[in-house]
Amino acid sequence: MDIKLIRNYNGDKCIPVEDSMVLMISDAGYRLNEFTGMQYMLVDVDSNAKQEIMPGTDKFDIYQFTDVTGTHDYIYFTTAVRNSSDGVTVDIIRYDIRSGEGVPIHSQNYFLSELVHKKIKVIAADEEYLIVQTQHEVSSRSDTSCTKMEDIYLYSISTGRRTQISDPVLSASGIESIIPLDGNICAIKIGISNLEYKLYGVHDDKCNEREIIGTVNFRQFLSDLVLKKEQMAIDILDENSDDTTIPHMKVMNGCVIYSKVELSSQKEEIIAFDYSGGVTRVRVNDSVRVFEEWQIYLINDTLYSLQTDDRYTRFVNLDTQKCEWKLGSEYKVIYVMNDIIVVSRHTDKKLFLKESDYILVYRFPDTDRYVLSEKACCQGCVVTTDDNLLIFCG
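All of these numbers come straight from a predicted model, not from anything done at the bench.

Asker: An account of the side chain of Thr134 is requested, with residue identities and associated values reported.
Answerer: Mapped onto the elements, Thr134 comes out in strand S12 (residues 129-139). Those residues in contact with Thr134 that sit more than four places away from it in its chain are Lys118, Lys119, Ile120, Met149, Glu150 and Asp151.

What follows is the structure in structure tokens.
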């Protein structure tokens, strides 16, 4: 893996597209009620060539897109145009990277006052189909709220036909996340955790949905949806119970890693399923803080919990429950990939020293020396499709 610094970066989000090309998404400086206008820019990090995508078209951060096609041909985003004082038409645009053309492939009308309370996910399944899912926020009898399924359907881009998904679990609980794992195989999480509501809400059964962690052959999964089958072929790894919820899932190094929280004790188990080997490991995270960012990593085939407080950041080996690396409060872990760890260090202004920022890259567990050191402020990292680590500097 090569490491490259990208200077003068001012984006909010960066997504690898193909080889040395990345998509930079940033605030465009305009809004539609609660929705932020976005600028989309294709950047070749080798040549620093930049191309804005459809600069004359207003784009808004309304839908959440997931592309599981396995190709890098298209970029998806939403545009929105008012059709009345409270009405808006939202279009999905599919932008062809090679031709430079964008076409609308899906359109939906909403009331803006209702849209702000919806969470809409769009899964690009292949060239012909989208899976469109709508959830909405539900208020409980306490100060907490939860998210509830509203609608999920399969959409044909060529015909405009919408087919309701009839699988009872998917229609009731929805797809929380789907992540490519190995070829056509994806890790899938069905059902929303609503962790805060379940822990502290007044239970009125509004949001006690079924949660499932599993793997799917996505081509078969899509075929089942097209054929309107009432039960999808999902290899179930785990599911929730009355006293457990599954708030997090990620894929690292060919493993499906997820969290299972026991509601009565707030105890957390970290489970890692190795897809190729078929081996499942279960570890206990003793220092769980259920509402903070979930920072569990697989480093050199060992599960670590990254635990941060006002004084230190600690890497805790979940096999031994021992801290193997402790960083002071001036350090912040930015990125972890395999055994590469990117850390920023901030030093305050002192009598004879200026305020400064540094980027440090380590290869764990060798933390006594760094692979790279640079005086710069780290804005984020991404790994390109050709396996290069890009570190963005402001």
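Asker: Run through the pairing of strand S23 (residues 296-299), naming residues and quoting values.
Answerer: On a regular strand, one side chain projects to one face of the sheet and the next to the other, so that they alternate. By the alternation rule, side chains of S23 split into Ile296 and Leu298 and Tyr297 and Ile299, which are all buried. Taken together, S23 and the strand that follows it, strand S24 (residues 302-308), pair antiparallel across an intervening segment of two residues, in which Asn300 is found at a positive phi of about 50°.

Asker: Please provide a residue-by-residue account of the sheet that holds strand S27 (residues 331-337), values included.
Answerer: With respect to topology, four strands assemble into an open sheet ordered S27-S28-S29-S30, the strand pairing being antiparallel. Edge positions in the sheet fall to S27 and strand S30 (372-374), since each has one partner strand and no second. Geometrically, the sheet is characterised by an average inter-axis angle of 15° between neighbouring strands, direction not taken into account. Pairing between strand S28 (residues 340-347) and strand S29 (residues 356-363): eight bridges, direction antiparallel. Its bridge partner being in S29, Ile341 is matched across the sheet by Tyr362.

Asker: Give a description of the nonpolar core that names residues and reports values.
Answerer: In this structure, Ile257 and Ile341 are the most contacted members of the largest nonpolar core, which totals 25 residues. Mapped by element, the contributors of at least two residues to this core are strand S20 (255-262), strand S21 (267-274), S23, S24, strand S26 (322-328), S27, S28 and S29. Residue contributions to this core peak at four residues, all from S23. Ignoring anything within four residues of it in the chain, the contact list for Ile257 reads His248, Met249, Lys250, Met252, Ile270, Ile271, Ala272, Trp294, Ile296, Leu298 and Leu303.

Asker: So what's going on with the state of the cysteines? Which residues, and what values?
Answerer: All told, the structure shown has zero disulfides when counted by the stated rule. The thiol of Cys186 is unpaired, and the distance to the nearest cysteine sulfur, on Cys255, comes to 16 Å. For Cys186, a relative accessible area of 2% corresponds to the buried category.

Asker: Give me the lowdown on the environment of Leu42, citing residues and values where you can.
Answerer: Position of Leu42 among the secondary structure elements: in strand S4 (residues 35-44). Its relative accessible area of 5% is what places Leu42 among the buried residues. With 265 residues separating them in the primary sequence, Leu42 and Gln307 have C-alpha atoms 35 Å apart. Residues in contact with Leu42, not counting those within four places in the same chain, are Val17, Met21, Val22, Leu23, Ala49, Lys50, Gln51, Ile53, Ile75, Tyr95 and Ile97.

Asker: Can you tell me about the environment of Thr313, naming the residues and giving the values?
Answerer: Considering the arrangement of structural elements, one finds Thr313 in strand S25 (residues 312-317). For the pair Thr313 and Lys326, spaced 13 residues apart in sequence, the C-alpha to C-alpha distance is 5.7 Å. A polar contact of 3.5 Å, which involves the side chain of Thr313, links it to the side chain of Thr308.

Asker: A description of helix H4 (residues 218-226) should follow, citing residues and the corresponding values.
Answerer: Those residues of H4 not exposed but buried are Phe218, Phe221, Leu222, Asp224 and Leu225. All buried residues of H4 fall inside an arc of 155° around its axis, so they share one side. Sitting at the amino-terminal end of H4 is Asn217, which places a side-chain oxygen 3.2 Å from the backbone nitrogen of Arg219. Phi turns positive one or two residues past the end of H4, at Lys228, with a value near 60°.

Asker: Explain the pattern of salt bridges to me, using residue names and the numbers behind them.
Answerer: This structure, assessed with the given rule, holds 15 salt bridges. A salt bridge links Asp73 to Arg98, with the nearest nitrogen and oxygen atoms 3.2 Å apart. Here the residue Asp73 occupies a position in the loop between strand S7 (63-67) and strand S8 (74-82), and Arg98 occupies one in the loop between strand S9 (87-96) and strand S10 (101-111), the gap between them amounting to 25 residues. A salt bridge links Asp238 to Lys260, with the shortest nitrogen-to-oxygen separation between them at 2.8 Å. One end of the pair, Asp238, is in strand S18 (residues 235-239); the other, Lys260, is in strand S20, with 22 residues separating them in the sequence. Grouping residues by exposure puts Asp238 and Lys260 together as buried. Here the residues in one salt-bridge network are Glu18, Asp73 and Arg98, joined through shared partners.

Asker: Run through the packing of aromatic side chains, naming residues and quoting values.
Answerer: Within the structure shown, the criterion is met by twelve aromatic pairs. Ring geometry for Tyr304 and Phe364: centres 5.3 Å apart, planes at 80°, overall edge-to-face. Placement of Tyr304 in strand S24 and of Phe364 in the loop between S29 and S30 is noted, with a sequence separation of 60 residues between them. With respect to burial, Tyr304 and Phe364 carry one shared label: buried. The interplanar angle of 80° and the centroid separation of 6.1 Å between the aromatic rings of Tyr362 and Tyr370 together place this pair among those described as edge-to-face. Using a relative accessible area of 8% as the deciding quantity, one classes Tyr362 as buried. Taken together, the ring pairs in this structure connect Tyr304, Phe315, Trp325, Tyr362, Phe364 and Tyr370 into an aromatic cluster. Positioned above the aromatic ring of Phe77, the side-chain terminus of Lys59 is 5.6 Å from the ring centre. The ring of Tyr74 has Arg94 sitting right over it, with the charged end atom 4.5 Å from the ring centre.

Asker: Could you give me a rundown of the sheet that holds strand S32 (residues 388-393), with the residues and numbers involved?
Answerer: With respect to topology, three strands assemble into an open sheet ordered S1-S32-S31, the strand pairing being mixed. Taken across any chain shown, the strands that pair with only one partner, and hence form the sheet edges, are strand S1 (2-6) and strand S31 (378-383). With strand direction ignored, the average angle separating the axes of adjacent strands in the sheet is 20°. Across five bridges, the pairing between S31 and S32 is antiparallel. Looking at the pairing, Val382 lines up with Leu390 of S32.

Reading the values: the criteria
- Sequence order sets the numbering: in each chain, residues are counted from 1 along the sequence as written.
- Predicted model: local features are reported for residues with pLDDT of at least 70 only, side-chain atom pairs are reported and counted for 80 or more only, and whole-chain, interface and lining totals are derived from all residues.
- Excluded from the side-chain calculation are hydrogens and water; included are all heavy atoms of the structure.
- In this text, helices come from DSSP runs of H or I with a minimum length of four residues, and strands from runs of E with a minimum of two, each type numbered from the N-terminal end.
- The contact criterion used is simple: two residues touch if any of their non-hydrogen atoms lie within 4.5 Å.
- Between buried and exposed lies partly exposed: a residue is buried under 20% and exposed over 50% of the maximum accessible area for its type, with that area taken using a 1.4 Å probe on protein chains only.
- One requirement defines pairing of two strands: DSSP has to find at least two bridges between them.
- Only the stretch in contact is used when a helix axis is fitted, and all axes are lines through C-alpha atoms; the angle between N-to-C directions ranges over 0 to 180 degrees.
- Put simply, a nonpolar core is a bunch of buried Ala, Val, Leu, Ile, Met, Phe, Trp, Tyr and Cys residues held in one set by side-chain atoms that sit within 4.5 Å of each other.
- When the sulfur atoms of two cysteines come within 2.5 Å, that pair is taken as a disulfide.
- Any pair of nitrogen or oxygen atoms within 3.5 Å is treated as a polar contact; in protein, a donor-acceptor pairing is required on top of that, and neighbouring residues in sequence qualify only through side-chain atoms on both sides.
- Note that the arc is computed from the directions linking the helix axis to the C-beta atoms.
- Salt-bridge detection follows one rule: a side-chain nitrogen of Lys or Arg within 4 Å of a carboxyl oxygen of Asp or Glu.
- Each Phe, Tyr or Trp ring (for Trp, its six-membered ring) is paired with any other whose centre lies within 6.5 Å, and the angle between the two planes then decides the class: stacked below 30 degrees, edge-to-face above 60, tilted in between.
- Two conditions define a charge located above a ring, namely a distance within 6 Å from the ring centre to NZ of Lys or CZ of Arg, and an angle within 35 degrees of the ring normal.

The analysis is restricted to geometry; functional conclusions fall outside its scope.
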